[in-house]
Amino acid sequence: MDEIKRKLIRIETQLHRQSLPERVTGAAPLFFPAVGLMVGIVTQHVLATQMGITHLSAVLVAWSILLALSMISACLRLRRSFVGPSDRVTPWVVLLCFVCLGGIRLTSFQAPSSADVQRLVGDERTLATIRGRLVTAPRSQPQQWCFAQFAFTDPPSSFYLTLDQIETDRGWRPVRGMIRVQVDEPTPALRIGDAIEAYCWLYRFGPPTNPGQFDLATHLRRRNVHVGASVPGKNAIEVRRGTRVGLLTRTQRRLSQAAARALLSDQPHEAPSQGLLEALLLGDRRRIDRSTYEAFQRTGLLHLISLSGMHLGILMGILWWIGKAIGLMKPRRAILCMLATVLFLMIVPARAPTVRAAVIVWAFGCSILLRRRSNPLNALSLAAIVLLLYRPTQLFEAGWQLSFAAVTGILALTAPIEEILHTMTRGKLRPSDRRGRLVRRLTRRIGASYLRLFSAGLAAWIGGAGILLYHFHAVTPLASVWTVLVFPLVVLILAMGFLKIALFFLLPTLSHLLGVLVTAGADVFIWIVQWLARPGINHILIGHVPGWIVILYYTLVLIVVFTNLRSPLLKRVLCISLALVLVGYVGISKWRANHRSDLILTCLDVGHGQAIVLQPPGSGAVLFDAGSMFRGDVGSRIVLPYLDYAGVRRLDAIVVSHNDIDHINGLPEVAAGRDVEHVYANAAFFDSRDTTGTARRLAHCLSTSGHTIEPIPRSLTVGAVTIETLWPPVELAESNDLGDNDRSLVTRVQFGGVSILLCSDIEVFAQQQIMEQYPNLTAQIVVVPHHGSKTTQYDPFLASLAPEITITSCSRKRSNSTPHAHSDSHTQQFSTAANGAVTVCVERDGMVLVSPYVENAAGD
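The text that follows walks through the structure, step by step, so that each part is easy to find. Being a predicted model, the structure only gives us computed values, none of them experimental. (Residues numbered from 1 in each chain as written. Predicted model: local features only at pLDDT ≥ 70, side-chain atom pairs only at ≥ 80, totals over all residues. Heavy atoms only, no water.)

## What to know about the overall build of the chain
Next, step 1: On a plain count of helices and strands, the chain comes out with 27 helices and 25 strands.
Next, step 2: For the chain, with 860 residues in total, the buried portion stands at 47%.
Next, step 3: Pairs at least 24 apart in sequence give 70% of the contacts found in the chain among residues at least 6 apart.
Next, step 4: As displayed, the chain has an accessible area near 43,000 Å², and 60% of this comes from carbon and sulfur atoms. (Helix = DSSP H or I, 4+ residues; strand = E, 2+ residues; numbered from the N terminus. Buried < 20%, exposed > 50% of the residue type's maximum accessible area, 1.4 Å probe, protein only. Contact = heavy atoms within 4.5 Å. Areas by Shrake-Rupley, 256 points an atom, 1.4 Å probe, with all protein chains shown as cover.)

This is the structure in structure tokens:
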């Protein structure tokens, strides 16, 4: 007995003498390989994008030589560790090996084959006939924006296609690669696995043209999708008969359809609960209505309706409990959970969080079968290695980063946070085995469970806060509290939902009864989240932050949790210094945003349409129009992301120039997503002749978010900025003899001695009348009338204004029609078609700086 005690003491002493890397390696030997793989991928990405080192053969040779040297060193170190004392260098040598492996994997993943489709498509789009097989089912996004009924086309559908052949002048030739196909109408007849032939335009995806806009090109490039196909209609697609769909694809398709039918067969059609249940249990968020989705986003509970490890963990917990109840031993329960995981992955989309959770379940299952003790950090590291070796570019995706950062935070921070909270509550919620009253013991146990749940939620929030701030420009400080509040209801809905799917095929009547309860639970869940979304503190908008701030944040977290400095005072000083830098930067950024001394005007690229954001000195902003002729939902897709990026959470006013669809169809979504003081329009907007119905539609949509349209005053003052209405006069605004364009609003913005003229859609008559009424009118900056159309342009009008800068908000088709005849050699001309969003900064002293968003683009 004494000998055993001496051995335990010796082992404990050795553990205390071990360094942090040695302790981590002993508990989770895959941690260093996972970190090394990430470092290698990031290093190769930086070499390729920032330093331009992209030559495939040279890069592969360099990484391979370094890998060989690292492996030789690792073998020598491992041999020494078997015959001598522990080697502290070995973990770092192993890390270096995986750094090399990460660089090699990313290089090989991004290298196109000789027959890759991206070699056949240049900057100009190409007309082609292609053959391939669907790897995803066609998806049509529901049209939930207010002006969807005024769209000129049906909702488009999209899917991914692996190519087999392409037709050229010499006939059919083999081609490889995956492309994203977009069809200009729904394609309900197509299914996953179908072999098709399509007549289409092939093109390369372009970069975003507005700050804050979703970068589709980069998003797809990370999936090795470099080329898109535009199909004019479903008649241009032919399903090739006689081609056989693979067994795995057929099985996956049938299982997905069966699960959807079992869950939704008795649900009310188009009810909010239907979309929520489909997201919670099947991972499909397309049918969640906009108001529900935005409520989840504002409260920070969006992770609950994004299929993740939590959902799979709840399912596995149910199966483990059922297996235990029927008397199964641990190995058989592990096998049951592992098989259920495979079935689950065949039903739901295989995204990073679910695959990560599946790998962890299999790691734990294998440890039980092999009678080994599993470490959660080791299982998480294994999941990261598997996912990154399969597709290394996942490392740069927000979803992947959030998933692993949140789980890492839970593993590292839950216990310390829980201990701190127990100390703060003086242990009153700590579970106890002492005898006492049943109510008291039950209360302590429930309190301890909620405390642990809150600790895990707060740990996950700390782990993901930096990622959220970098990608989405905001933080949700109450997310942990709301997670604790709704988590029991989520568990109940998931448990009943999974049980309903299983019973649908065995006991349909009982399944139907469960469906009633599940629907009621989903309705209650939606109501609670929408109620919680009301307080403004839920969503704190910060705006764009640089990457070094996020790195500094995670450095602070690592120092607080893991660093064990010899001097506690030094650690406190270091932590306080980093915290002060973080808080100081955010505070200074917010102060500078609210106390700016300059005026910023940004003309966003919305295609054929107009959306102009004016940010006066101080805080707030004014939005002049938000609409597009051919792009859908520009309010949610372009304007609101820009306002998030710029940190604008309040609009002093929305100014509506006239009721043309390409100027107003994005306004309802902006008004619903921001605090808006006033919505203004001129007298022509209230004309009862509204033949198109757009004015009535806008008024109705704005009323649902609590806004009414007011007549615009002759002059507005926002801070130090004056906004003056020049056109139309009241008598002409109410005239039946003028068209809508000639009655559209013309405003002059004045600040720092600089005049900016916003001309809206006025045509020749209005331009002539303005020249007569304001013969001395000039403007340094002019937004060109009617999107630069030559057919409605009166050349003397722009010449009389003598602008130094002109901006044309137009589509690519109109970009060549921008007027130039009026301009002298000193006039800078910009268009959103060529330059993307155009930002003008006016200082108090009248200095003007123009910044086009698209790289290497400048005014003509």
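## Quick look at the sheet that holds strand β17 (residues 715–718)
Within a sheet, neighbouring strands are paired by backbone hydrogen bonds and run either parallel or antiparallel to one another.
Next, step 1: Here we have 7 strands laid out as an open sheet, ordered β17-β18-β19-β20-β21-β22-β23, and mixed in their pairing. Looking at the sheet topology across the chains shown, the edges are occupied by β17 and β23 (828–831). Each strand axis lies, on average, 15° off the axis of its neighbour in the sheet, ignoring direction.
Next, step 2: In this sheet, strand β22 (residues 805–808) lies alongside strand β21 (residues 781–783) in parallel orientation, the contact comprising 3 bridges. Within β22, the residue paired with Ile 781 across the bridge is Ile 805.
Next, step 3: This element, helix α25 (residues 764–773), spans β18 (721–727) and β19 (746–751) of the sheet and lies at about 115° to β18. (Pairing = 2+ DSSP bridges. Axes fitted to C-alpha atoms, helices over the stretch in contact; angles between N-to-C directions.)

## Let's talk about unusual backbone geometry
Leaving glycine aside, a negative phi is the common case for residues, and trans is the common case for peptide bonds.
Next, step 1: Here the bond from Trp 727 into Pro 728 is cis, since omega is 0°, no more than 30 degrees from zero.
Next, step 2: Position of Pro 728 among the secondary structure elements: in the loop between β18 and α24 (730–733).
Next, step 3: The phi dihedral of Asp 633 is positive, around 55°, even though this residue is not glycine.
Next, step 4: Residue placement: Asp 633 occurs in the loop between β13 (622–628) and α20 (634–646).
Next, step 5: One non-glycine residue, His 786, lies in positive phi territory at about 50°.
Next, step 6: By the secondary structure assignment, His 786 is in the loop between β21 and α26 (795–801).

## Structural notes on the packing of helix α5 (residues 90–110) against helix α13 (residues 376–390)
To characterise two packed helices, one gives the angle between the axes of the helices and the distance between these axes.
Next, step 1: Contact geometry for α5 and α13: axes closest at 9 Å, N-to-C directions at 35°. Facing α5, whose interface residues are Leu 101, Arg 105 and Phe 109, α13 presents Leu 388, Leu 389 and Tyr 390.
Next, step 2: Here the contact of α5 with α13 is composed, by residue class, of 5 nonpolar, no polar and 1 charged. (Nonpolar A, V, L, I, M, F, W, Y, C, P; charged D, E, K, R; others polar.)

## Some points on the pattern of salt bridges
Next, step 1: Applying the stated criterion to the full structure yields 13 salt bridges.
Next, step 2: Between Asp 633 and Arg 290 there is a salt bridge, with its nearest N and O atoms 2.7 Å apart. With Asp 633 in the loop between β13 and α20 and Arg 290 in helix α9 (residues 290–299), this pair connects stretches of sequence that are 343 residues apart.
Next, step 3: The partner of Arg 631 in a salt bridge is Asp 605, with the nearest N and O atoms 3.7 Å apart. Placement of Arg 631 in the loop between β13 and α20 and of Asp 605 in the loop between β11 (599–603) and β12 (609–615) is noted, with a sequence separation of 26 residues between them.
Next, step 4: Residue Asp 605 is classed as buried on the basis of its relative accessible area, which comes to 0%.
Next, step 5: One network of salt bridges, with partners in common, ties together Arg 139, Glu 278, Asp 284 and Arg 287. (Salt bridge = Lys/Arg side-chain N within 4 Å of Asp/Glu carboxyl O.)

## Thoughts on the sheet that holds β11
Next, step 1: Read across the sheet, 8 strands follow the order β16-β15-β14-β13-β12-β11-β24-β25 without closing on themselves; strand pairing throughout is mixed. Both outer strands of the open sheet, β16 (709–711) and β25 (848–852), are each paired with one neighbouring strand and no more. This sheet shows a mean twist of 25° between the axes of neighbouring strands, independent of strand direction.
Next, step 2: Bridging between β11 and strand β24 (residues 838–842) involves 5 bridges; their strand directions are antiparallel. Paired with Ile 600 across the two strands is Cys 841, which belongs to β24.

## Looking at the environment of Ala 27
Next, step 1: Take Ala 27: it is sitting in helix α2 (residues 20–27).
Next, step 2: Considering only alpha carbons, one finds Ala 27 and Pro 376, 349 residues apart in sequence, at a separation of 9.5 Å.
Next, step 3: Sequence-distant contacts of Ala 27, that is, excluding residues within four places in its chain, are made with Asn 375 and Asn 378.

## Focus on the pairing of strand β14 (residues 650–656)
Next, step 1: Taking burial as the measure, the 7 residues of β14 include 6 buried ones, the bulk of the element.
Next, step 2: Relative to β14, β13 runs parallel, the two sharing 3 bridges. Paired with Phe 624 across the bridge in β14 is Val 655.
Next, step 3: One ladder, built from 6 bridges, connects β14 with strand β15 (residues 675–681); its direction is parallel. By the bridge assignment for β15, Ile 654 is matched with Val 679.

## Quick look at the packing of aromatic side chains
Next, step 1: A full pass over the atoms with the stated rule returns 9 aromatic pairs.
Next, step 2: Centroid distance Trp 400 to Phe 404: 4.1 Å. Interplanar angle 25°. Geometry classified as stacked. Taken as a pair, Trp 400 and Phe 404 lie in helix α14 (residues 398–424) at a separation of 4 residues, close to a single helical turn. An identical accessibility class is assigned to Trp 400 and Phe 404; each is buried.
Next, step 3: Geometry around Trp 172 places Arg 131 over its ring, the cationic atom sitting 3.8 Å from the centre. (Phe/Tyr/Trp six-rings, centres within 6.5 Å; stacked < 30°, edge-to-face > 60°. Lys NZ or Arg CZ within 6 Å of the ring centre and 35° of its normal.)

## Description of a nonpolar patch on the surface
Next, step 1: A cluster of nonpolar side chains, Phe 505, Leu 506, Leu 507, Leu 510 and Leu 513, forms an exposed patch at the surface whose accessible area comes to about 510 Å².
Next, step 2: Judged by its relative accessible area of 65%, Leu 506 is exposed. (Patch = residues over 30% accessible without salt bridge, like charges linked within 9 Å, V, L, I, M, F, W, Y side chains within 5 Å.)

## As for the environment of Val 117
Next, step 1: Summarising the element assignment, Val 117 is placed in the loop between α5 and β1 (126–134).
Next, step 2: When near neighbours in sequence (up to four residues on either side) are disregarded, Val 117 contacts Leu 163, Val 175, Arg 176, Ile 179, Leu 202 and Val 227.

## Regarding helix α17 (residues 508–532)
Since the α-helix packs 3.6 residues into each turn, any two residues three or four apart lie on the same face.
Next, step 1: In this model α17 runs 36 Å from its N-terminal to its C-terminal C-alpha over 25 residues, within 8% of the 36 Å that 1.5 Å per residue would give.
Next, step 2: All of the buried residues in α17 are Ser 511, Leu 514, Gly 515, Val 518, Thr 519, Gly 521, Ala 522, Phe 525, Ile 526, Val 529 and Leu 532.
Next, step 3: For α17, the elements touching its buried residues are α8 (272–282), α9 and α16 (479–504). (Expected span 1.5 Å × (residues − 1).)

## A closer look at the side chain of Thr 292
Next, step 1: As for its position among the elements, Thr 292 is in helix α9.
Next, step 2: A residue is classified by how much of its surface remains accessible, and Thr 292, at 2% relative accessible area, is buried.
Next, step 3: Here the side chain of Thr 292 touches Asp 289 through a polar contact of 2.8 Å, side chain to side chain.
Next, step 4: Filtering out sequence-adjacent residues up to four positions away, Thr 292 remains in contact with Ile 526 and Gln 530. (Polar contact = N/O pair within 3.5 Å; in protein donor to acceptor, adjacent residues only side chain to side chain.)

## Topic: helix α10 (residues 309–325)
Next, step 1: Taking 1.5 Å of rise per residue, the 17 residues of α10 would be expected to cover 24 Å, and the 24 Å separating its terminal C-alpha atoms lies within 8% of that figure.
Next, step 2: All buried positions along α10 are accounted for by Gly 309, His 311, Leu 312, Ile 314, Leu 315, Met 316, Leu 319 and Gly 323.
Next, step 3: One or two steps after α10, the chain reaches Gly 327, where phi turns positive at roughly 95°.

## Some details on the pairing of strand β3 (residues 157–168)
Next, step 1: Where β1 lies against β3, 5 bridges are found, and the strand directions are antiparallel. Note on β3: the bridge partner recorded for Arg 133 is Thr 162.
Next, step 2: In terms of strand pairing, strand β2 (residues 139–140) meets β3 through 2 bridges, oriented antiparallel. The residue bridging Ser 140 from the neighbouring strand is Ser 157, located in β3.
Next, step 3: Bridging between β3 and strand β5 (residues 178–183) involves 6 bridges; their strand directions are antiparallel. Its bridge partner lying in β5, Leu 161 is registered against Ile 179.
Next, step 4: Alignment of β3 against strand β4 (residues 171–174), held across 4 bridges, turns out to be antiparallel. In the strand pairing of β4, Glu 167 is matched with Trp 172.
Next, step 5: Connecting the antiparallel pair β3 and β4 is a turn made up of 2 residues.

## Describing the packing of helix α12 (residues 352–369) against α14
Next, step 1: One way to put it is that α12 packs onto α14 with a least axis distance of 9 Å and a crossing angle of 40°. By the angle between their axes, α12 is oblique relative to α14. Contact residues: α12 offers Ala 352, Pro 353 and Arg 356, while α14 offers Trp 400, Ser 403, Phe 404 and Val 407.
Next, step 2: Here the residues of the contact of α12 with α14 are counted per class, giving 5 nonpolar, 1 polar and 1 charged. (Parallel < 35°, antiparallel > 145°, perpendicular 65-115°, else oblique.)

## Focus: the state of the cysteines
Next, step 1: All chains considered together, the criterion is met by 0 disulfides.
Next, step 2: There is no disulfide at Cys 701, and the cysteine sulfur nearest it, in Cys 146, is 3.3 Å away. (Disulfide = S-S within 2.5 Å.)

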